Amino acid sequence: MDSFPSNFKQASILAWSICAIMFTTCIHGSDSKIHCNEKDKQILLNFKNGAIDPSGLLSTWSSQQDCCHWYGVCLSGDIPISLLQMEFLEHLDLSNHDFLAMTYNSMNSPSCHNLSLGNLPYQCENSSSLHYLDLSGNLNILIHNLEWLSSASSLKYIDLSGIDLRTETNWVQLMAMLPSLSELYLVDCHLDNMSPLHFANFTALEVLHLSVNAIHSEVPNWLFNLTCDISYIYLDNNLLRGELPKAMPNFQVLKYLVLSNNDLNGPIPDCLGKLEHLTYLDFSSNLFSGPLPINLGNLSSLVALKATSNYFTGVVSEKHFTNLSNLKFLFVESPDIIFDFDLHWIPPFQLDGVFLGPVGPKTPQWLYTQTSLKSLGFANSKFSFETGDKFWSFVSKIELLQLVGNSIDGDLSNVLLNSSFIQLSSNNLKGGLPRLSSSVRVFMVDNNSLSGSMVPLLCHDMDRRSNLEYLDMSNNKLSGGLTDCWTNWKSLLHINLGNNDLSGKIPPSMGLLENLTSLHLHENNFSGGIPLSLQNCHSLLILNVRENHFSGSIPNWLPHKARALQLRSNQFTGTIPPQICQMHSLTILDFADNRISGHIPSCINNITAMVVHVRSVIAIGYIFYIDGTRYIIRENLMLLMKGKGLEYEDWNLIHIIDLSSNDLLGTMPAQMFSLTELHSLNLSHNQLVGKIPKEIGNMRELESLDLSRNQLSGEIPESMSNLSFLSYLNLSFNNLTGKIPSGTQLQGFGALSYIGNLDLCGPPLTKSCSHDGIFGGTKPLEDDDDDSQFWSSFYMGMGVGFATCFWGVCAVIFFNRKWRHAYFRFLYDLRDQLYVMVVTKMNKLFK
């Protein structure tokens, strides 16, 4: 879960706000009226011709009307760089549109040099009027270099957030050439370096925002040697490493320093305690160690101090906060910190939010003096709460409560929780579920040991309609049925009840949850069919019911907007409904380990999400605003891929089809191999026949392929050597023939990937192939007669010895029941391994 303050500029993958195009291209004429500049007007008309405008929103843009009366709108298509040549353009905002590329119009100007934008040359003119440029949020654009910005030397504000700049390695030098640049936003641009320069000639820079990139260097010297008065630095969510310098003489007016979610290490330098204008300091989620500098308590302007998830040591007491009278947010947590507050200490501040750890067994007494508190959290702590403890009464007035990774002793079954956002994950909680008031929007109590029925939580009377949107009670010991009280919870978007001891059928009232986006019922004991009432859940994107006892046919009414269907390890029968092909956004199709029969639908290539490459996919997540702070809860899924089950947060970027361990018949449809964006395909343990189509070589993104234990025949197509990302392959136990295609890709796998195909030969198998295509399994006739007699005698003796030993062992097993059972259990467990050993040894002997 991620949180972001809302009082500073922040870009996010989940943001899709729309901004209009704004131009300042109107001038005063001799008649004191404002007129459109004709050159700029023509450039705008050219822009209109190249834009995609299906709704006719540019209808006011015409040569007959003055462009000062045109309306700005939202568009897609290409961004023409020629817009920068508008003579009176001051403000250009093309953010959060759906532009696909940047294009150029060749302008023959002797005063310009050739630039490269992507693979296209561009002749430019200087744009002396442009001060503001915002192209952020156009997630499908890739820009190879930024040299074209040199034509806009008056730029003060640049925001290219969300645009792919990974190939631009000189961005620091190019941006430093803009003498007026004061605000630079390059959030989520795939940058991987900050340049090792000792100096960068930024003369006016005040804001540097480089969050959410992949910068994997040390914090460069040029940043600490800036001669300008920089005030805001955001370097969070990168891969920065190394230590901070012991002195920062050029940061005297610095207000914001955000370094969270990196790999920075070493001590926190004392010099930070001397930056008297610092108001926001965040170095959470790094590798910092040592004690917190006590002089941080001298930062009288500090509003937020965030120092969670590091390796700090030593004692933290009230001395660290002596002069922090303006402090509103205090987040200090590290496993080896010792909090030692005076029992009678009254802080000089009134906090809005606090997160501490480890503390306990009682909460610090000074917390009860914080009458303005809106969020409260503890981690790595031990608490003991008695019935009626004042803590639960105190937190009932707090909007956000986070108790994560603690050890809490106390019964919650008589507690009424009232906070809007409640996270009680991983606290070893026992006993029954608490009750929720109608104010609760998020309730997470996963990874505990709570037991009993869900009735007390779901079926108690409320004075008002519930506002609960997010419910996660997974990984507990809850039992009983789902109850039929869901009519009281119609605001729910997310339900996760996975990995409990719940049983029974899905009640009809769950069909009343029309806003439901994700439903997770995995790893329980549910039975029966998927009820027809769930077809009313039109917004359902994720249906996860794996590892239960559901039966019946797979529903043909599953929502067309679905992104993930996990129905594996149940007792579903019948065929795969062709309506699956209408789910164009589907990325996870997992029907493995059921009793499904029939053919694989030939229309499967209509699942366009597995065919069309999209650089940026909007992840499924939930955004909640608590007291001006945005909290994002991301949707995770456990996926079985490459023979391993792993939890994925970015599963929306992964494309999987798993139909293994069913009773599927027929050939693999050729259309399946046009799913060029597929990452994992598992059709193993079925009854599929026919050849592996050569078109499989088109699946260039494939990382995992399992076609084992079918009845496939023919040769392995040469095109499979093109699968350069393939890291897991299993074609074992089929009827494949011929030579394994040469090349490092397929021969880099072990023999286990190919065993059980008796007529398959070539590396990595020990069975060699003859030049004329006949397998070299026996010695040629022209071999020496003595050698032939030796081998004949050898094999005859081996056969007699084997028969003697075999019947001797059988006699012992027959007369000893304990040995008999143990022996056959051993054979059952190791049958595949024994087969591999015999085949390998025999092949060696016949070479």
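Since the model is a prediction, treat every value here as computed from it, not as a measurement.

A. Structural view of the overall build of the chain. Looking only at helices and strands, one finds 9 helices and 59 strands in the chain. Buried residues in the chain amount to 50% of all 847 residues. Across the chain, the fraction of contacts at a sequence separation of at least 24, relative to all contacts at a separation of at least 6, is 53%.

B. Structural view of the nonpolar core. Membership of the largest hydrophobic core comes to 187 residues, with the highest contact counts inside it found for Met-175, Phe-202, Leu-376 and Phe-443. For this core, the element with the most residues is helix α2 (residues 171-176), which contributes 5 residues. With residues up to four places along the chain from it excluded, the contact list for Phe-443 reads Leu-417, Ile-422, Leu-424, Pro-434, Leu-436, Leu-457, Leu-468, Tyr-470, Leu-471, Asp-472 and Met-473. Judged by nonpolar contacts, the second largest core, of 21 residues, contains Phe-421, Met-444, Tyr-622 and Tyr-631.

C. Examining the pairing of strand β20 (residues 304-308) more closely. In terms of residue burial, β20 counts as a mostly covered element, since 5 of its 5 residues are buried. Across the two faces of β20 the burial is the same, with Ala-304, Lys-306 and Thr-308 and Leu-305 and Ala-307 all buried.

D. Local environment of the state of the cysteines. Scanning the entire structure with this criterion turns up 3 disulfides. Shown here is the disulfide that connects Cys-581 with Cys-603, its sulfur atoms set 2.0 Å apart. Disulfide Cys-581-Cys-603: the torsion about the S-S bond is 70 degrees, which places it as right-handed. Of this pair, Cys-581 sits in the loop between β44 (571-573) and β45 (588-590) while Cys-603 sits in the loop between β46 (597-598) and β47 (621-626), and the two are 22 residues apart along the sequence. Sulfur-sulfur distance for the disulfide between Cys-761 and Cys-769 comes to 1.7 Å. Measuring the twist about the S-S bond at about 115 degrees, one finds the Cys-761-Cys-769 disulfide to be right-handed.

E. Molecular detail of the side chain of Asn-145. Checked against the element boundaries, Asn-145 lands in the loop between β10 (132-134) and β11 (157-159). Polar contacts involving the side chain of Asn-145 include one to the main-chain amide nitrogen of Glu-147, which spans 3.1 Å.

F. The arrangement of the sheet that holds strand β38 (residues 501-504) in detail. Taken together, the 7 strands give an open sheet; going across it, the order is β31-β34-β36-β38-β40-β42-β44, and neighbouring strands pair in parallel fashion. Across the chains shown, the open sheet's two edge strands, defined by having one partner strand only, are β31 (430-431) and β44. Bridge analysis of strand β40 (residues 525-528) against strand β42 (residues 549-553) gives 2 bridges, and the strand direction is parallel. Paired with Gly-528 across the two strands is Phe-550, which belongs to β42.

G. Representation of the sheet that holds strand β23 (residues 336-339) in the model. As summarised here, the arrangement of the 5 strands in space is β15-β17-β19-β21-β23, forming an open sheet in which the pairing is parallel. The open sheet is flanked by β15 (241-242) and β23, the only strands paired with a single partner.

H. Structural view of the confidence of the model for the chain. The predicted model of the chain averages 83 in pLDDT, with 77% of residues at 70 or higher. Here residues 824-829 scores under 50 on pLDDT; set against residues more than four positions off or in separate chains, the count is 1 contact.

I. Region of interest: the packing of aromatic side chains. The tally for this structure, following the rule as stated, stands at 28 aromatic pairs. The interplanar angle of 70 degrees and the centroid separation of 5.0 Å between the aromatic rings of Tyr-368 and Phe-394 together place this pair among those described as edge-to-face. Of this pair, Tyr-368 sits in the loop between β24 (353-357) and β25 (375-379) while Phe-394 sits in helix α4 (residues 390-395), and the two are 26 residues apart along the sequence. Residue classification places Tyr-368 among the partly exposed positions, given a relative accessible area of 22%. The structure contains a cluster of three or more aromatic residues connected by ring pairs, namely Phe-321, Phe-339, Phe-341, Trp-345, Phe-349 and Trp-366. When the ring centre of Tyr-368 is taken as reference, the NZ or CZ atom of Lys-390 above it lies at 4.1 Å. One residue, Arg-709, lies across the ring of Phe-733, its end atom 4.1 Å from the ring centre.

J. How the structure looks around the pattern of salt bridges. Inspection of every chain in the model, using the stated rule, returns 8 salt bridges. One salt bridge connects Asp-658 with Arg-568, and the closest N-O pair in it is separated by 3.1 Å. With Asp-658 in strand β51 (residues 656-658) and Arg-568 in the loop between β43 (564-566) and β44, this pair connects stretches of sequence that are 90 residues apart. In this structure, Asp-658 and Arg-568 share a single accessibility class: buried. Members of the salt-bridge network, linked through shared partners, are Glu-523, Arg-546 and Glu-547.

What counts and how
Residue positions within a chain follow its written sequence, with the count starting from 1. The predicted origin of the model limits local features to residues at a pLDDT of at least 70 and limits the giving and counting of side-chain atom pairs to 80 or more, whereas totals for whole chains, interfaces and linings rest on all residues. Only heavy atoms go into the side-chain values, all of them from the structure, while hydrogens and water stay out. The helix and strand labels rest on DSSP assignments: H or I over at least four residues marks a helix, E over at least two residues marks a strand, and numbering proceeds from the N terminus. Partly exposed describes any residue whose relative accessible area lies between the buried limit of under 20% and the exposed limit of over 50%, with all areas from a 1.4 Å probe on protein chains only and scaled to the type maximum. Pairs of residues are marked as contacts when any of their non-hydrogen atoms sit within 4.5 Å. Here the nonpolar core consists of buried residues drawn from Ala, Val, Leu, Ile, Met, Phe, Trp, Tyr and Cys, with membership extended through side-chain atoms lying within 4.5 Å. Defined by distance alone, a disulfide is two cysteine sulfur atoms within 2.5 Å. Here a polar contact is taken to be a pair of N or O atoms separated by no more than 3.5 Å, where protein atoms must pair a possible hydrogen donor with a possible acceptor and residues adjacent in sequence count only if both atoms sit in side chains. Strand pairing is defined by DSSP finding a minimum of two bridges between the two strands. For every residue, the pLDDT score states the predictor's confidence, bounded by 0 at the bottom and 100 at the top. Working definition: a ring pair exists when centres of Phe, Tyr or Trp rings (six-membered ring for Trp) sit within 6.5 Å. Plane angles under 30 degrees give stacked, over 60 give edge-to-face, the rest tilted. Charges are assigned to positions over rings by a cutoff of 6 Å between ring centre and Lys NZ or Arg CZ, combined with an angular limit of 35 degrees from the ring normal. Salt bridges are defined as contacts in which a side-chain nitrogen from Lys or Arg sits within 4 Å of a carboxyl oxygen from Asp or Glu.

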